[in-house]
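Survey of secondary and tertiary structure
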Amino acid sequence: MKRPIKRTPALAAAAVGALLVLSACGGGDIEQSGSDSGAGGDDSQASECGDVNMAVNPWVGYQASAYVVGELAASEFGCTVEYRDLKEEVSWAGFSSGDVDVVIEDWGHPDLEKQYFAKSGDGSAEDFGPNGNQGVIGWYVPPWLAKEHPDITDWENLNQYAEDFATSESGGQGQFLGSDPSYVQFDEAIVKNLDLNFKVVSSSSEAASIAAFKKAEENKEWLIGYFYEPQWFMSEVPLVKVDLPPYDPGCQEPASAADCDYPVTELKKIVSTEWADSGSPAVEVVKNFEWTNEDQNAVAAMISSDGMAPEDAAMQWIEDNPDKVEGWMPS
Amino acid sequence: MSVTAVRGGSGVEGIGSLLRRPPGWLLGVAVLALWIAAWAGLRGNDTLALPGLGRTGLHDWFTGLKGDLIDSRESNVLMQVTGVLADLLASIGGWLQELVAQPAFPRPVPQVGWLGVIAVAAWLSHAIAGWRITLLVVASFLSFGLLGLWEDSLDTLIVTFFAVGIALAIGLPLAVWMATSKTVTTLLTPVLDVLQTVPAFIYLLPLTLFFGIGLPAAVAATFLYALAPVVRIAAHGIRSVAASTLEATDSLGQTGRQRLLQVQLPMAKKTIIVGINQTVMAALSMATIAAFVDGPGLGQPVLRALSAQQVGTAFVAGFCIVIMAVMLDRTTTAASVRAETVARAGGRDVRRHRIVLAVSGAAALVLVYLSRTYLWAAEFPDTDLGSSVAAAVQSGADWVTSTFDVVTSGVKNQVTALLLNPLQDLLANSPWWLAAVAIAAFALVLGGVRGCLTAGVCLAGIYLTDLWNDSMVTLTMVLVATLLVMVLAVVLGVWMARRPSVDTVLRPVLDAGQTMPPFVYLIPALLLFGPTRFTAIVAAVIYAAPVAIKLVADGIKGVSPTTVEAATAAGSTPWQVITRVQLPMARGGLVLAANQGLLFVLSMTVIGGLVGAGALGYDSVLGFSQGEFFGKGIAAGAAIVFLGIMLDRVTRRAAERTGAGVH
Amino acid sequence: MTAALSVDQLWKVFGPRADKIVGSPDADLPRAELLDRTGCTAAVKDVSFDVAPGEVFVVMGLSGSGKSTLVRCLTRLIEPTAGEVLLDGEDVRTMSDARLRELRRTHVSMVFQHFGLLPHRQVLDNIAYGLEIRGMKKKQRHARAQEMVDLVGLTGNERSYPDQLSGGMQQRVGLARALAVDPTVMLFDEPFSALDPLIRRDMQAEVIRLHHEVGKTMVFITHDLAEALKLGDRILIMRDGEVVQVGTAAEIVAAPADDYVRDFVSDVPRSHVLTLRYVMRDPRPDDSSDGLVMGPDTIVREAAHAALTSDHPVRVVDDGELVGIVDDETILRVVVAEEAVLA
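Residues numbered from 1 in each chain as written. Chains lettered and ligands numbered in written order. Predicted model: local features only at pLDDT ≥ 70, side-chain atom pairs only at ≥ 80, totals over all residues. Heavy atoms only, no water.

**Focus on a negative patch on the surface**
On the surface, Asp8, Asp28, Asp46, Asp50, Glu84, Asp240 and Glu242 of chain C cluster together into a negatively charged patch. Counting through the fold element by element, Glu84 of chain C comes out in strand S4 (residues 82-87). (Patch = residues over 30% accessible without salt bridge, like charges linked within 9 Å, V, L, I, M, F, W, Y side chains within 5 Å. Areas by Shrake-Rupley, 256 points an atom, 1.4 Å probe, with all protein chains shown as cover. Salt bridge = Lys/Arg side-chain N within 4 Å of Asp/Glu carboxyl O. Lys, Arg positive; Asp, Glu negative; His and termini not counted. Charge placed at Lys NZ, Arg CZ, Asp CG, Glu CD. Helix = DSSP H or I, 4+ residues; strand = E, 2+ residues; numbered from the N terminus.)

Here it is, written out as structure tokens:
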């Protein structure tokens, strides 16, 4: 009993001492294996590029664009890319607090632009031009419905089907499935101003909307709701757009008077002013980034229906499309 | 003999009270009948309904406040201070992340790899909680790695511990202060109430104005949410120290400081540790939600999976959180027991314990060194376990959703048509003043004059938020969900209390249900029921039922075995024992379960807003999502707080009144 | 010689504006009426007494009589409303907090009904607590605590925790803790009423033994008359906060101040309490001068055997002067009458 008592503390002390010595000079192996695998990138380039804080808004199409740009910047210039999962509003606040550098797909937020652009706000963000995607928002029905009732795609016929769209949530009226609250939307006003016998019931998220449309198509259920393109789900279930009165400028102003379809939006890139002036090579990449709805859908489908990690899906697309990628490189 | 007294006695008493004054339920029915009569005539008038995207001057005023706040960023002292704080949090947090979770540039891996982290965690848990817990801790950490979520898990742990550390540093002194001063108690209690009932969504966005996004905001939000339990419970513990001991030690001439440090704190230690345990659990749940402001950790894969509808992936991340919760819960609990047993074991054991710690500590340091040096010990080896579990869960969920689709729609439609819609019609389509009077009348019946007064104040508050109608719709959902929770709680609680084997099986399931982030089961609920109020109710029931079931089970177990024995000896059937002896005698537990059920259900309001619940939940999410509706979100948060305080106080008063009836 | 403890016109009134009651006409009201009229309760009402150094002074009363409040007022565990408390001539009520602490640490210690031990400390550290808070070094205080452990007969239990001990042993810890600080005055608040009768008897014997060994001044609160008679040099009987009677056991039994006290002492075995002073008759010239000589404070029972076996009556002599005669018949009357009562 006695001997170990006396010896053990000494042993422990020796072990601690040895450890301290070892750890002081340790780490060599990891450093080597690190650069072997190439995951850390090259030091000189890393310091040149620095950090890129990429906001990732909550829809898969956005993820596709964000990760393609981000992975490209990381692999080509060794940037440290932070993907930050944020809703739009929070992302914009991030420009001002310095937490966000890039919003890669903006659907038009006049109120936020007023707050953060130099013209009338604090100047922490600036417009970096279109990303090539055409944003289409509108009212959609599942394909089976459009096929069986072709006239349903005209808004003027909607009221005669209102009863068929009724659900437990719509209180006798037809149910219109609204969108995630963070999206741009005027459906309540449109329903009211076009005298439609519908009630807007929010789906609350992209996921819920997709689930609802998927189920509606599979079970041939009646469903009409807010949807948009580009969106990978369209390749799985090609929803059919309902024609609302065509958009003309001003028909959504003020919001409560909206009585027309949503405009086609040129999706654009917004970046932090400070980051844009940083001279990072990634700035050029973001500035040059432009691709089509089909491109985005392809990546988004890899992420969503194939269940690939966004990083992997992005890298695969980059490998498969060298010519497009080449065009985004700094000159 | 005593049984006839119990059964006969209650019968006589029942008749007696009937003669004296009408019982509560009769008054309740009367109020309901009057309400329905008035509603039939006035239905649809003055309902104060506001369209989903409608907002009022008050809401815009709140929104304006936010704008002013942003504009004053450069000059606002508070924001300057929080900005500095945020930087501090970010750098400490970043350092911790590089230490154990994230690549520490230029290294491709953290300073200390998985082997070292596990070694240190094992050593620590052995030091404070014993070897059984060590096994649990090691297994937990290994499962984080094996499920492929090592980095996210450690990030969650960092945020949790960081926030808990601050919560304890601030909360324990507050608790001492509260325990010694009535004034402080009066001032702090409503603040703590608000901290615990305001939905996270409401303060996440304003917090980003002060703390930015990412780790600092996550730590700040988690801290705010986790502060209340430790302050409350520790203050209660300190206050409950036996007066006779305080007097005896005072008589020896101790100073106030000696009294606190040598007597009050050591004697309240067990209760304080319960408080710490609760704070850790609260922190863990908020650390997940903080993913909405880019808080690092397991919340991120959960949210990403939610938006891509991947039940399997979300489940794996959620499962890691459950494991972490169980690990932290058992460790803190065991640590409190352990400290005493070690002290009591006497000198020799203490010495042996120290030797073991020294040796194992040295071994742990060697492992830390290895994990700094060799890649195999630094980076957790890739496994397919996570993805295969995800795939299995996914296919299971797919099967369930496709198979039970028809059944579930039926259930949903029935409950909606028979329960939800009529009640909502009554609450939300009554003129606001009628509903207010009726609710206040119910509060009077249940909670007496004081309950009625509280309800009145809260109803006035709700009216002032300009969200009366939405509040009534939310209240409807809360009531229906709580009803379902209580049905479950009574059925399962009785079963658990009467059959220990059922208890053994169910309890871990309930623990898991309580700690699993709700986002995980939102997806299958959505697939089964679509974006509806019923889906939100299902999610709320899953979240709230475990607590209520446990409370009912414990309440029934607390019924004196002698009474049950006597009832059985008198020839009662099991049904009679349950309905005439156990349930009535566990009344306190039932009311407490209802109280907790209501609050837990209410706290799911905003989560419900993510799956189509509408009303206040939608308003909150909208306020979080779109700048111009910020003020509406704040108003919705206030309405939720008013609802919460009203439901809590009325049920608590009701509990006190039944308690008074028992004695 | 100054009194070890002197209490003069002490009041404790609980309730709103309690300080306004003393000195007003309300103060003379009976309890229920006072409560009705003012919402206040006078727990201690105009109490005065002196305790001599080395004396065991017992305060006896039923529950609610104010005795526990009284003893707490002595060191201001409860703040008195009015009156004076002098400990060795020093006014306790005007002491600063620091001086009061000093007093509690070194001068007066107390033993409580519910022990008030610290459950997280071992016996030795419980006993040493009073020494610890006045800053004594660990080694010294443990040595002193060990002495106390031996003194109260707890040797071998130093490392136990309170909940591992029986009630009687726990109270020995309480006693040792109070003794450890070597006070001049010890206060006991019903220390044995939570104990079993047999253990209570042991503990009473223990207190008597300790009193002989260490000779402290003691103020002892009890609701048990037998205990009061057994331990007390003098006894103060309280009712509704007021002093009913103060005196030695024999004085109280022989001459109860009122019906309340008379009723109280009616069951007391008189031969155990009464002294010869209370049963002797005046000497007469024809008395035998051969009888045994005894002091007037000899208890009847102790005198009985010798007196009955002697052929002559007992001569009671005080300071060399014959003050009275006790014959067999007198002794038999006291002993037998009481047996008749007891039967």
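Having put the structure on the table, let's press on.
**Focus: the sheet that holds strand S12 (residues 314-318) of chain C**
All names here are of chain C. A sheet is described by the order of its strands in space; here 3 strands give the open sequence S11-S12-S13, paired in mixed fashion. Bordering the open sheet on either side are strand S11 (293-294) and strand S13 (321-326), each of which pairs with just one other strand. Here 5 bridges tie S12 to S13, and the two strands are oriented antiparallel to one another. Paired with Val316 across the two strands is Gly324, which belongs to S13. (Pairing = 2+ DSSP bridges.)

**So, unusual backbone geometry**
Here the residue pair Glu229 of chain A and Pro230 of chain A is connected by a cis peptide bond, since its omega of 5° sits within 30 degrees of zero. When you line up the elements, Pro230 of chain A lands in the loop between strand S7 (224-229) and helix H11 (233-236). A positive phi is found at Asp466 of chain B, a non-glycine position, where the angle reads about 65°. Its location among the elements puts Asp466 of chain B in the loop between helix H20 (432-464) and helix H21 (468-498). Positioned with a positive phi, Asp182 of chain C is a non-glycine residue whose angle comes to about 50°. Residue position: Asp182 of chain C is located in the loop between helix H7 (167-180) and strand S7 (185-189).

**Considering the arrangement of the chains**
Among the 2 pairs of chains that make contact, the interface with the largest number of contacts is formed by chains A and B. A minimum C-alpha distance of 23 Å separates chain A and chain C, which share no contact. (Contact = heavy atoms within 4.5 Å.)

**Describing the state of the cysteines**
Residue and element names in this part refer to chain A. Inspection of the entire model under this criterion finds 1 disulfide over all chains. A sulfur-sulfur separation of 1.8 Å characterises the disulfide bridge that pairs Cys251 with Cys260. Taking the sign of the S-S torsion, 75° for the link of Cys251 and Cys260, the bridge is right-handed. Take Cys251: its relative accessible area is 11%, and that puts it in the buried class. For Cys260, a relative accessible area of 1% gives the class buried. (Disulfide = S-S within 2.5 Å. Buried < 20%, exposed > 50% of the residue type's maximum accessible area, 1.4 Å probe, protein only.)

**Digging into the interface of chain B and chain C**
Interface size, as often reported, equals the accessible area lost upon joining of the parts. Opposite the 18 residues of chain B that make contact, chain C presents 25 residues. Linking chain B with chain C are 1 salt bridge, by the criterion used here. Here Arg72 of chain C and Glu247 of chain B are joined by a salt bridge, their closest N and O atoms 2.2 Å apart. At the boundary of chain B and chain C, one finds 9 residue pairs in polar contact (both at pLDDT 80 or more). For the side of chain B that touches chain C, the secondary structure elements donating two or more residues are helix H11 (243-250), helix H12 (256-267) and helix H15 (311-345) of chain B. (Polar contact = N/O pair within 3.5 Å; in protein donor to acceptor, adjacent residues only side chain to side chain.)

**Here we look at the sheet that holds S4 of chain C**
Sheet strands pair via backbone hydrogen bonds, and the direction of the pair is either parallel or antiparallel. If you trace the 4 strands from one edge of the open sheet to the other, you get S2-S1-S4-S5 (chain C), paired in antiparallel fashion. At either end of the open sheet lies a strand with only one pairing partner, and these are strand S2 (41-51) and strand S5 (90-91) of chain C.

**Describing helix H9 (residues 200-211) of chain B**
Residue and element names in this part refer to chain B. Extensive coverage of H9 is indicated by the burial of 12 of its 12 residues. Of the positions making up H9, those classed as buried are Ala200, Phe201, Ile202, Tyr203, Leu204, Leu205, Pro206, Leu207, Thr208, Leu209, Phe210 and Phe211. Backbone geometry just after H9 places Gly212 at a positive phi near 70°.

**Focus on the pattern of salt bridges**
Applying the stated rule across the entire model yields 45 salt bridges over all chains. Asp259 of chain C is the salt-bridge partner of Arg262 of chain C, the closest N and O atoms lying 2.6 Å from each other. In this pair, Arg262 of chain C and Asp259 of chain C both sit in helix H11 (residues 259-265), 3 residues apart, roughly one turn of the helix. On the basis of relative accessibility, which here comes to 56%, the residue Asp259 of chain C falls in the exposed class. Residues joined in a network through salt bridges with shared partners are Asp193, Arg232, Asp648, Arg649 and Arg652 of chain B.

**Some details on the domain arrangement of chain A**
Residues and elements named next belong to chain A. Here chain A is described as being made up of domain 1 (8-135 + 265-326) and domain 2 (136-264). Across the boundary between the two partners, domain 1 contributes 20 residues, which contact 15 residues of domain 2. For the pair domain 1 and domain 2, the summed buried area comes to about 1,400 Å², and 57% of that belongs to carbon and sulfur atoms. Our count for the domain 1 to domain 2 interface comes out at 4 residue pairs in polar contact (both at pLDDT 80 or more). Those elements that provide at least two residues to the side of domain 1 that touches domain 2 are strand S4 (125-141), strand S9 (265-272) and helix H14 (293-304). Top contributing element to the side of domain 1 that touches domain 2 by residue count: H14, with 6 residues. (Domains from an automatic or database assignment. Buried area = accessible area lost by both parts, 1.4 Å probe.)

**Describing the packing of helix H4 (residues 60-77) of chain A against H14 of chain A**
Residues and elements named next belong to chain A. Closest axis-to-axis distance for the H4/H14 pair is 8 Å, and the angle between their directions is 105°. Taken as axis vectors, H4 and H14 run roughly perpendicular relative to one another. Contacts between H4 and H14 pair Val60, Gly61, Tyr62, Gln63, Ala64, Ser65 and Val68 from the former with Gln296, Val299, Ala300, Ile303 and Ser304 from the latter. Of the residues assigned to the contact of H4 with H14, the class counts are 7 nonpolar, 5 polar and no charged. (Axes fitted to C-alpha atoms, helices over the stretch in contact; angles between N-to-C directions. Parallel < 35°, antiparallel > 145°, perpendicular 65-115°, else oblique. Nonpolar A, V, L, I, M, F, W, Y, C, P; charged D, E, K, R; others polar.)

**Quick notes on the interface of chain B and chain A**
Listed as interface residues are 65 residues of chain B and, on the opposing side, 58 residues of chain A. Across the interface of chain B and chain A, roughly 5,100 Å² is buried in total on both sides, 59% from carbon and sulfur atoms. When residues of chain B are sorted by the area they lose upon contact with chain A, Ile213, Tyr369 and Pro531 of chain B head the list and together hold 12% of the total. In this structure, the connection of chain B to chain A is made through 3 salt bridges. Notably, a salt bridge pairs Asp294 of chain B with Arg84 of chain A, separated by 2.7 Å at the nearest N-O pair. For the interface between chain B and chain A, the tally reads 5 residue pairs in polar contact (both at pLDDT 80 or more).

**Things to note about the pairing of strand S10 (residues 242-247) of chain C**
All names here are of chain C. As defined by bridge partners, strand S9 (residues 234-239) adjoins S10 across 5 bridges and the pair is classed as antiparallel. Paired with Arg239 across the bridge in S10 is Glu242. A loop of 2 residues connects S9 with S10, the two strands running antiparallel in sequence, and Asp240 in this loop sits at a positive phi of about 50°.

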